[in-house]
Amino acid sequence: MQSAIIKTFLSLLFLGAVLVPATNLKAATQSEDEALAFVVRNEATSQPVAHVLYRYGNQQGSTTQDGRIQLTLRDETLLELSHVSYGSRTLSNEEIRQVATTGSLLWRERTTQMQPVTVVSVRPGEQSRTVLDLDTGDKLSHDAGSFLQNLAAFSGVRKGGGYGYDPVLRGFKYDQLNVVIDGSMSASAACPNRMDPPTSQVAMNMVERVEVLKGPYALRYGNGFGGTINFISAEPDFTEQLTPYGRLSASTESNNAVYRYEAVTGVRTARSDVSLFGSWSEADSYTDGRGRDIAAAYERGSYGLKAAVNPSPAHRADLSLQRNVASNTEFASLPMDLISDETWLGNLTWQYTPTSHASHSGDQDRARGGSLVAGGNHTAGASPQAAPTSASHSGLLHHLEANIWFSYVDHFMSNELRDLNPRTVNAGTQAETLNFGARTEAQMNLPRGGTTYLGIDFRSEQAEGVREREMLMGPMAGRTLLDNAWQKSRIHTAGLFAEMQQSAGSYRYVIAARLDVNHAEALDPDERFLSVNTDLTVTQLNPSVSAGIIRSWNEALETGIWAGRSVRSAGITERYINFFPVGLDPYEMLGNPSLTQEVNHQIDVITSWNAPTLRAEVNLFQSLITDYITSRIDPDLAPRMATAPGVRRYVNVDRAWIAGVEVSLNQLLGRHLSHGAQLAWTYGQNLETDEALPEIAPLDLRYHLGATLWEGRIQPEVSVRHVRAQDRVSASFGELPSEAFTRVDMQLVVRPSSAGAQSAWSNLRIVGGVQNLFDVAYYEHLSRNIAGVGQPIYEPGRNVYVTVGYSF
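What you see is a predicted model, and the numbers here were worked out from it, not measured in a lab. (Residues numbered from 1 in each chain as written. Predicted model: local features only at pLDDT ≥ 70, side-chain atom pairs only at ≥ 80, totals over all residues. Heavy atoms only, no water.)

In terms of helices and strands, the chain carries seven helices and 43 strands. A total of 808 residues make up the chain; the buried ones form 57% of that total. Put simply, of all contacts in the chain between residues at least 6 apart along the chain, 69% involve residues at least 24 apart. When the accessible surface of the chain is totalled, it reaches about 31,400 Å², and 57% of it is carbon and sulfur. (Helix = DSSP H or I, 4+ residues; strand = E, 2+ residues; numbered from the N terminus. Buried < 20%, exposed > 50% of the residue type's maximum accessible area, 1.4 Å probe, protein only. Contact = heavy atoms within 4.5 Å. Areas by Shrake-Rupley, 256 points an atom, 1.4 Å probe, with all protein chains shown as cover.)

With that out of the way, let us pick up the nonpolar core. In terms of nonpolar packing, the biggest core is built from 57 residues, with V210, I229 and F231 touching the most fellow members. The dominant element in this core, judged by the number of residues it contributes, is strand β36 (residues 647-669), at five residues. With residues up to four places along the chain from it excluded, the contact list for I229 reads L148, F154, P167, L177, N178, V179, V180, V210 and E211. Grouped together as the second largest cluster of nonpolar side chains are 18 residues, Y54, L73, L91 and L105 included. (Core = buried A, V, L, I, M, F, W, Y, C linked by side-chain atoms within 4.5 Å.)

As a further point, take the layout of surface pockets. Taken as a whole, the second largest pocket holds about 1,400 Å³ of empty space. If you go around the second largest pocket, you meet 49 residues; those closest to its centre are S333, L334, P335, P586 and A787. Elements supplying a minimum of two residues to the lining of the second largest pocket: β25 (425-445) and β26 (451-471). Of the residues belonging to the lining of the second largest pocket, the class tally is 25 nonpolar, 14 polar and ten charged. (1 Å grid on protein atoms, 1.4 Å probe; cavity = no way out; pocket = protein on both sides within 12 Å on 5 of 7 lines; lining within 4 Å. Points joined across faces, edges and corners; volume = space filled by probe spheres on them. Nonpolar A, V, L, I, M, F, W, Y, C, P; charged D, E, K, R; others polar.)

Empty space among the atoms becomes apparent when a probe as large as a water molecule is rolled across them. On inspection of all chains with the given rule, the structure shows ten cavities of 30 Å³ or more. Approximately 770 Å³ is the volume found for the largest cavity. If you go around the largest cavity, you meet 46 residues; those closest to its centre are D175, L177, N178, R459 and E461. Those elements that place two or more of their residues in the lining of the largest cavity are β11 (166-169), β13 (177-181), β25, β26, β28 (489-504), β29 (507-522), β31 (557-568) and α7 (572-576). Broken down by class, the residue content of the lining of the largest cavity amounts to 18 nonpolar, 17 polar and eleven charged. Size it by volume and the second largest cavity reaches roughly 470 Å³. For the second largest cavity, the lining is made up of 26 residues, of which K173, Y174, E574, I629 and Y650 are closest to its centre. Elements with a minimum of two residues in the lining of the second largest cavity: α7, β35 (614-633) and β36.

Glancing now at the sheet that holds strand β10 (residues 154-157). Spatially, the three strands line up as an open sheet ordered β10-β11-β12, and their pairing is antiparallel. Taken across any chain shown, the strands that pair with only one partner, and hence form the sheet edges, are β10 and β12 (172-173). Two elements, β10 and β11, share four bridges in a ladder whose sense is antiparallel. Each bridged residue has a counterpart across the sheet, and for F154 the counterpart in β11 is L169. (Pairing = 2+ DSSP bridges.)

Residue placement: S460 occurs in strand β26. A polar contact is formed between the side chain of S460 and the side chain of H492, at a distance of 2.9 Å. What S460 contacts, discounting residues up to four positions off in sequence, is L434, N435, F436, I491 and H492. (Polar contact = N/O pair within 3.5 Å; in protein donor to acceptor, adjacent residues only side chain to side chain.)

All right, on to the pattern of salt bridges then. Applying the stated criterion across every chain, the model contains 35 salt bridges. For R702, the salt bridge is made with D700, and the minimal N-O distance between the two is 3.1 Å. Among the ionic contacts, a cluster of salt bridges with common partners joins R170, K214, D604 and E662. (Salt bridge = Lys/Arg side-chain N within 4 Å of Asp/Glu carboxyl O.)

Attention now moves to the environment of H722. Along the chain, H722 falls in strand β40 (residues 714-723). Looking at H722, the relative accessible area reads 28%, which means it is partly exposed. Taking C-alpha positions, H722 is 5.2 Å from L701, a pair spaced 21 residues apart along the chain. Of the polar contacts made by the side chain of H722, one reaches the backbone oxygen of F741; its length is 3.3 Å.

Bridge analysis of β31 against strand β34 (residues 598-610) gives twelve bridges, and the strand direction is antiparallel. Paired with R568 across the strands is E598, a residue of β34. Where β34 and β35 come together, twelve bridges link them in antiparallel fashion. Bridge pairing in β35 links S608 to E617. In this structure, the hairpin formed by β34 and β35 is closed by a connection of three residues.

Sheet topology places strand β21 (residues 298-312) next to strand β22 (residues 315-329); twelve bridges connect them, and they run antiparallel. Residue pairing in the sheet places K306 in a bridge with S320 of β22. Connecting β21 to the antiparallel partner β22 that follows it, the hairpin turn spans two residues. Here β22 runs beside strand β23 (residues 337-352); their pairing, made up of 14 bridges, is antiparallel. If you follow A317 over to β23, its bridge partner there is W350.

Here the chain averages 85 in pLDDT, and 85% of its residues register 70 or above. Within the chain, helix α5 (residues 370-374) has the poorest average pLDDT of any element, 31, and α7 the best, 97. Under a pLDDT of 50 for its full length, residues 123-134 has, in the predicted model, 47 contacts with residues more than four places off or in other chains. (pLDDT = per-residue confidence, 0-100.)

Before going further, it helps to examine helix α2 (residues 93-102). Listed as buried for α2 are N93, E95, I96, V99 and A100. Down the axis of α2, the sector holding all buried residues measures 155°, keeping them to one side. Counted as exposed and oriented over 90 degrees from the buried face of α2: E94 and T101. Once α2 ends, the next one or two residues include G103, with phi positive near 90°. (Arc of directions from axis to C-beta.)

A separate point is the packing of aromatic side chains. What characterises a pair of aromatic rings is the spacing of the ring centres plus the angle enclosed by the ring planes. Summed over the entire model, instances satisfying the criterion amount to ten aromatic pairs. Taking 6.1 Å as the distance between ring centres and 80° as the angle between the ring planes, the aromatic pair formed by F172 and F225 counts as edge-to-face. With a gap of 53 residues between them, F172 in strand β12 and F225 in the loop between β14 (207-214) and β15 (227-233) connect regions that are remote in the sequence. On the accessibility criterion, F225 (0% relative accessible area) is buried. One aromatic cluster is present, built from ring pairs that chain together W657, W681 and Y683. A cation over an aromatic ring shows up here: R220 above the ring of Y453, its NZ or CZ 3.8 Å from the ring centre. The ring of F579 carries the charged tip of R528 above its face, separated from the ring centre by 4.1 Å. (Phe/Tyr/Trp six-rings, centres within 6.5 Å; stacked < 30°, edge-to-face > 60°. Lys NZ or Arg CZ within 6 Å of the ring centre and 35° of its normal.)

Moving on, we get to the environment of R74. Inspection of the secondary structure puts R74 in the loop between β4 (68-72) and β5 (79-83). Classification of R74 by relative accessible area gives partly exposed; the value is 33%. For the pair R74 and A35, spaced 39 residues apart in the sequence, the C-alpha separation amounts to 9.6 Å.

Spatially, three strands are ordered β4-β1-β7 in an open sheet, and the strand pairing comes out mixed. Pairing within the sheet leaves two strands with one partner each, and these edge strands are β4 and β7 (104-107). Looking at each pair of strands side by side, their axes are set apart by 30° on average, direction ignored. Two strands pair when backbone bridges link them, and strand β1 (residues 35-42) and β7 are joined in this way by four bridges, in the parallel orientation. Among the inter-strand pairings, V39 is bridged to a residue of β7, identified as S104. (Axes fitted to C-alpha atoms, helices over the stretch in contact; angles between N-to-C directions.)

What follows is the structure, given as C-alpha cells:
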C-alpha cells in the first residue's frame, strides 16, 4: 500500500516536472561582446581583494591590487574565481552583469571555516576547501550511510546487502557520532539491531551538501563526541517573477535489478519557495564476485514538502515535512528482516537577519552551518542578489534563528520472510522511537571582524518495543513469549553552547564550549533487568570545550592545531537494551544505566596547501578516551534465547586510544586532466586489556583520474581503491581478520550542452559506468557475518549502471 502511494505521488511529480518546463522553455539568447568590470571586495570590510585567480574562457589572470577584474562577455561561459583565503566560486553571465551593475562582488573570507572538516558536495559543480564532486546518482541514493563511504575516512557496519549502512568515522560509531539534518533534526533507530540507523532516514534528493565535522570541536549542533555529520538542505531561492522549477532522475543497475527514481517540482516567487519531492528505490538479491547470491532485496521511498516564506527582508520561515517508508528489506546477518519501517520527520524554522545584513544571500546559510565549511562558496545558478558596496556589519546582532522539530519511527521486523526448515519459532519485534527538540542560536559580530555564536538546544529521545516469540516446537510449543526490548526508556538533553571566532593577521582562532544536562529513565522496566540494575534514573552534567588556531604561512600553506575535550553520556542502547543480541558477536546485550560518562581528549594537527592547481591536506589525530564504554561477558547472567552463547553487559574501561592519519590530494594536470587521492588509516587500542579495539577499519587508499573534454560535454573517470588486510582484531569480541582487496571502477558523464550553455539541454546529465570492473570477490572488514553461515557479507561483483537526470 505504501509503495503504491509513493509511486503514484512520484508519477505526479514526474508529470509536473515534464509539463511545466515544456511551457516555460526559452530559446537560447545570443549576446554581443561587451566589456564589463567590477571589484572583488571582502564582505566584512569592503576592502579590495587582490590576487584572486580567474578564468573566463580564454581570458584568465588575477585581480589587481585594487581587486579589479575586466572582462569581455562571451556566450555560454562561466567565470571561475579562486583564492586561498576565500575558496572557489563560479558566476554565470547573468550574475556577472548584476555584479558589474553594482560595481562590487562581496566575498566572504574563509575565516569562519575553522573545525577540521570535509565537505561532500552533492550538487555537481559546487566547490569548497575539501570537496568530492559527486554525480547525479547521489540524488538517487536510498541510503545516506552508503553515500558517506565515498570518503576514505568513512567505513560502515553492514548487516544487510543493500540497506542500513551504519557509518563509522575514525573508529567512532553509533552514539559517538552526532548525525543531524540542517544542524538540529535527527531520528533514532527503532530497531534494536539498528536496521534503520539515523542516516537511513535522510532524503538524499533534498540534500545539497554534507558537512563532516571531524573530532569533538564543533559543539553548536549537539555533542560531537567523535564527529558531527550535518546533512544540509538546499537554500530556498526567491525570484521577482513566478518561476517554476524542478528535477527528475532515474537510474538502473545490472547486478541486482536496482531501479531508482526521484523528482522535485516547485514554484518560486519574490516571497516564497514551495516544492514537493519524492523518491523510490527497489532492488533484489545481488551476485558477489564469487558468483554467489547475497540476500539484499529492499523497497525504500520518501516524499514530502518544503516551503519557505520571506514576509520581509529581515524575516524568513521554513517548513519541511517528510515521510519515509521501507519494506521487505533483507538483512542477511540478522535473524530477522525488516518488514516495514515508517517514519515522519518535521521541522519549522524562523530566521531573523537585521536589514543591514539581509542583503547578502549567504547570511541565512551561515546560521545553518554553511559558512563554517563552505567559506562563502556560491554556485552557478544560485540566487544572485545585489550586494552592498560598503561594510554592513555595524550592529551587534548579525542573525537569529529558532526551530522546533520532531521525528517518529514505527518499525516492524520478523522472520516471516525466511525459509526456515525446521521452523521452530515465529518471531517479530514491533518498536517505535519518538524524538523531538528545539534550538535557538544568535550570531553576533565582534570587533575586528570576529564572530560569536550563542545558543541553547533541547533534544528528547524515547524508545519502546516488544519482541513476540511464538514457540512452534519443543516443550514450549504453543506458548507466546514477550520480551521488553527498550523498556519505554527515554533521554532528555538540554544544552547551552557558545563559539567565538577571531582573526589577527595571519592567525585565526576559535574557542567553543558546551554544557549539557542529560536525564535518562525507563518508564516500563523489566523485572529481570531490575534484578541486575537497581537505579534506572540518572542525571549527568556534561561539559565540553575545544580550541583551535590556524596559521597562514603564505598564500597557499597553512597549519592548524586543534584540541578538544568532549563528555558524552551513554545512549539508550547502552543504558537500557534488555537481553538482545545487538553487538558484533551473538551474545545478548544488557544495558547499564549506571555507566559513567565517556570523555574524549583529542588533538588534530592539519597542514594544507591550497594553490590554483593543487590542493593537498594531511591530518594527524589522536584521541585518549577515558571511561570508554564497551561491553564485557558476564558469566553470572543467562541469555533468554538458546542461540546466544551468553550475555554481555555494557561497562566502562579505564582508557582507550585511537590515532590515525588522513591525506587528500587534488591536482589539475593541464587544462583537461585532473587526478586525486585519499588515504585514511586508524589505529585503536584498549589500554586496559591491551588488545585492539573492535571494528576498526584497515588502511584505505583511493585514486582517481578524470578528464573534462569537449567544453565539459564528456567527462570520463577511472578510480582505484585499495584496502589493506586488517589483522589487528579484538579476540574478546570474536572478531576475525579480513583480507586485502583492490577494486577498479569506471564512469562516463555526458552533457549534451557545454558547461555554461543556456539551452533546453543544458541541464541534462547522463552518467554511466561499471563498478568492480574486474569482478573481484571481496568484503569490507566491518561487514557482519551471514546468519547461520559464518562468512561475511561479500560486496557486489561487476555492476553496470546508468543514470539520467534533468533539472530546470
